[in-house]
Amino acid sequence: MFNENEQDMMHNGAENNAPSPAETQSAPPQGAPITGSYYSPRSNGGVPPMQREPVCQAPAPQPPKKKSSHTGLKVLGIVAGLVLVSVGSVQAYRFVAENESLQRFFGRDDSFVNEPTAQLGSSKAEESSKENSVTEESSAADVLHSSVDWYQMAAPENAMSIPDIVDKVSPATVGITSIFVWQEQVTDMWGFGGGTYEESAPSTGTGIIMSAEGYVITNAHVIYQAAYGGKAKEVQITLNPEYYDGETQIAATIVGYDTEEDIAVLKLDTDRRLIAAEFGDSDALRVGEAVIAIGNPLGLELFGSVTTGIVSALNREVTINESPMRLIQTDAAINNGNSGGPLINAYGQVIGINSAKMSSSYGSSAATVEGLGFAIPMAHARNVIDDLINFGYVRGKPLIGISGRDVTEYMSQAYDLPLGIYVTEVVKGGAAELAGIRKGDVIIAINGESVDTYAELNAAKNNYAAGDTITITVVRSGNDREFAVTLQEKVPEMP
């Protein structure tokens, strides 16, 4: 193939070195190199689009040779030879067609063997040509039907097609617009001030209709942002207009949410019967299995975008906002605005709630990571959702009753403290205070297992339930001390 510059140069060369009309009417000499494809000159003697390379001068015309007297005999001999070859070929063809061993040796199929020999009559060349054409078409069809794409390889048996899955789940996928309101401090150019004013901003995400009565599940961070005043003041649901008539924007109330689990439940303020999603068993997933994500990346302008991929890993330990979680990892594209949307298996069942993606750059080359999306498995989310609907919070979550910060390497050396969690506050009447833990203690272990960060402390604590008693080791005044702490139930403050 030529690039545009090469084509232009060659075209300009042809114009500057145009052959005479006599040259354009004659075929190129045998063996002459031609740049580009074969050129057929225009009938009006125009310029060829491709420049032909120069050729040698043609030899001077020679007087015609006298015809040999044996020319007629030679022609008869050639004709006789062709007849013998043709007859021999037909006989060999018939012999192979009637011999099963030779049929298998030459790879003939049944349709070829059973072809009536009567068809090998006067139109042998025509029938042979038709047969070859049919064989070639059959071979091409066999190759086409035997080839598979990545979805066929990744999808389990009896899987649905991707368009059918989209048609099944799209009516249950909604857009969520949250309005956050917070107070800003008024200051002057010297940093002084005494008043406040109210700020507001919208945020969008995705949700999944889980019941015909209007319950919708999404991520907690879609409707709760600590930096923007906490819980959203207003929440509006947008239904997919391709599947619903009438008004598609409906107000919703927040039923409950858990920021550590990153799950929230909403309820649409409507009497309309909605199309709910079907949920599957995320525990049955396998690494490499095909999955599909539907969501609203970068806002509702791209409502209902569909992406595909595979399960990259299961039970992947990821810490999000200091909360350790075990998530489904996928390479299906998940972007800002996809949060809270469905991750779907090959049967059109929701098996995960899309929650996060890794997009940070790292390394000297500042390479940006791609294909690292994460979803909350439905096997875990199911119990959380049930508690949020029935009680407004997740029951049985353990609580120690402290606030703290990590002791870094710098702090450890500067203040002669061990690595661990420095207790900055003890909740009055909480489990830690009742056990004897004080402000200024450094927690270094739970049940003999060392913890160096607040995230590790939470991960260790969450292996137990409210009512369990654990042993917490702290360093106080340079000495190790152990306290038996009976975990309390974490009950969030209700608005």
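Model, not experiment: these values are computed from the prediction. (Residues numbered from 1 in each chain as written. Predicted model: local features only at pLDDT ≥ 70, side-chain atom pairs only at ≥ 80, totals over all residues. Heavy atoms only, no water.)

Undergrad: In this structure, what is going on with the overall build of the chain? I would like to understand it.
TA: On a plain count of helices and strands, the chain comes out with 13 helices and 24 strands. Taking the contacts inside the chain whose residues are at least 6 apart along the sequence as the reference set, 59% of them involve residues at least 24 apart. If you sum the accessible surface of the chain, you get close to 29,800 Å²; carbon and sulfur atoms cover 52% of it. (Helix = DSSP H or I, 4+ residues; strand = E, 2+ residues; numbered from the N terminus. Contact = heavy atoms within 4.5 Å. Areas by Shrake-Rupley, 256 points an atom, 1.4 Å probe, with all protein chains shown as cover.)

Undergrad: Would you explain the nonpolar core in this entry?
TA: Judged by nonpolar contacts, the single largest core of 48 residues is most densely connected at I209, I237, L239 and L266. The residues touching I237, leaving out its near neighbours within four places in the chain, are V174, G175, I176, T248, Q249, I250, A252, L266 and L268. Grouped together as the second largest cluster of nonpolar side chains are 19 residues, V423, I446, Y454 and F483 included. (Core = buried A, V, L, I, M, F, W, Y, C linked by side-chain atoms within 4.5 Å. Buried < 20%, exposed > 50% of the residue type's maximum accessible area, 1.4 Å probe, protein only.)

Undergrad: Looking at this structure, how should I read the pattern of salt bridges?
TA: Proximity of charged atoms lets side chains of opposite charge pair with each other. Across all of its chains, the model carries nine salt bridges by this definition. Among the ionic pairs, E278 bridges to K168, the shortest N-O distance being 2.5 Å. Of this pair, E278 sits in the loop between β8 (263–268) and β9 (290–295) while K168 sits in helix α8 (residues 162–169), and the two are 110 residues apart along the sequence. One salt bridge in this structure joins E261 and K397, with 3.6 Å as the shortest N-O distance. (Salt bridge = Lys/Arg side-chain N within 4 Å of Asp/Glu carboxyl O.)

Undergrad: Looking at this structure, how should I read the confidence of the model for the chain?
TA: Reading fine detail from the predicted coordinates is not recommended where pLDDT is low. Looking at the chain, the pLDDT average stands at 75 and 66% of residues meet or exceed 70. For residues 1–69, every residue scores under 50 in pLDDT, and the model assigns this stretch 43 contacts once sequence neighbours within four places are set aside. Predicted confidence is poor over residues 83–87, with pLDDT under 50, and the contacts of this stretch with residues over four places away or in other chains come to zero contacts. (pLDDT = per-residue confidence, 0-100.)

Undergrad: Help me out: how do you make sense of the packing of aromatic side chains in this one?
TA: Working definition: an aromatic ring pair is given by the centre-to-centre distance plus the angle between the planes. All chains considered together, the criterion is met by two aromatic pairs. Seen from the ring of Y215, K267 lies directly overhead, with NZ or CZ sitting 5.7 Å from the centre. (Phe/Tyr/Trp six-rings, centres within 6.5 Å; stacked < 30°, edge-to-face > 60°. Lys NZ or Arg CZ within 6 Å of the ring centre and 35° of its normal.)

Undergrad: I'm lost on helix α10 (residues 378–391) in this one. Help?
TA: Spacing of three or four residues puts side chains on the same side of an α-helix, whose turn is 3.6 residues. Here α10 is 14 residues long and its end C-alpha atoms lie 19 Å apart, about the 20 Å a rise of 1.5 Å per residue gives. Among the residues of α10, M378, A381, V384, I385, D387 and L388 are the ones counted as buried. Buried residues along α10 sit against β3 (215–218), β7 (249–258), β8, β13 (350–357) and β16 (373–377). Trailing α10 by a residue or two, G392 shows a phi angle of about 85 degrees, which is positive. (Expected span 1.5 Å × (residues − 1).)

Undergrad: Whenever I open this one, the pairing of strand β10 (residues 305–320) confuses me. Can you help?
TA: Look at any regular strand and the pattern is simple: side chains alternate between the two faces of the sheet. Where β9 lies against β10, six bridges are found, and the strand directions are antiparallel. Within β10, the position partnered with G295 by the bridge is S305. Sheet analysis places β10 next to strand β11 (residues 323–330), joined by seven bridges and oriented antiparallel. Paired with V318 across the bridge in β11 is M325. (Pairing = 2+ DSSP bridges.)

Undergrad: Can you help me understand the sheet that holds β9 in this one?
TA: As a general point, the strands of a sheet are linked pairwise by backbone hydrogen bonds and lie either parallel or antiparallel. What the six strands build is a closed barrel, ordered β9-β10-β11-β16-β13-β12; its pairing is antiparallel. Each adjacent strand pair in this sheet contributes to an overall mean axis angle of 50 degrees, direction not counted. In this sheet, β16 lies alongside β13 in antiparallel orientation, the contact comprising five bridges. Its bridge partner being in β16, I353 is matched across the sheet by I376. (Axes fitted to C-alpha atoms, helices over the stretch in contact; angles between N-to-C directions.)

Undergrad: What exactly am I supposed to notice about the sheet that holds β8 here?
TA: The six strands are arranged β1-β2-β3-β8-β7-β6 in a closed barrel whose pairing can be described as antiparallel. Across the sheet, the mean angle separating the axes of adjacent strands is 40 degrees when strand polarity is ignored. In the sheet, β7 pairs with β8 via six bridges, with the strands oriented antiparallel. Bridging across to β8, I254 finds its partner in L266.

Undergrad: Help me understand the side chain of D262 in this model?
TA: By secondary structure assignment, the location of D262 is in the loop between β7 and β8. Notably, D262 is buried but unbridged: the nearest opposite-charge side chain belongs to K397, and the N-O separation is 11 Å. Side-chain polar atoms of D262 contact the side chain of S355, separated by 2.8 Å. Setting aside residues up to four positions removed in sequence, D262 forms contacts with T218, N219, A220, H221, M325, S355 and I376. (Lys, Arg positive; Asp, Glu negative; His and termini not counted. Polar contact = N/O pair within 3.5 Å; in protein donor to acceptor, adjacent residues only side chain to side chain.)

Undergrad: How should I be thinking about the environment of V423 in this particular structure?
TA: In this fold, V423 is placed in strand β19 (residues 421–426). A relative accessible area of 0% means that V423 is categorised as buried. Considered as a pair, V423 and R405 are 18 residues apart in the sequence and their alpha carbons are 6.8 Å apart.

Undergrad: When you look at α8 in this model, what are you seeing that I'm missing?
TA: All of the buried residues along α8 are I165, V166 and V169. Looking straight down α8, one finds that the buried residues subtend no more than 100 degrees of arc, so they occupy a single side. (Arc of directions from axis to C-beta.)

Undergrad: Mind showing me how you'd approach unusual backbone geometry here?
TA: Trans is the common state for peptide bonds, and a negative phi is the common state for residues other than glycine. Its identity is not glycine, yet D262 carries a phi of approximately 55 degrees, on the positive side. With a phi close to 55 degrees, N315 is a non-glycine residue in the positive phi region.

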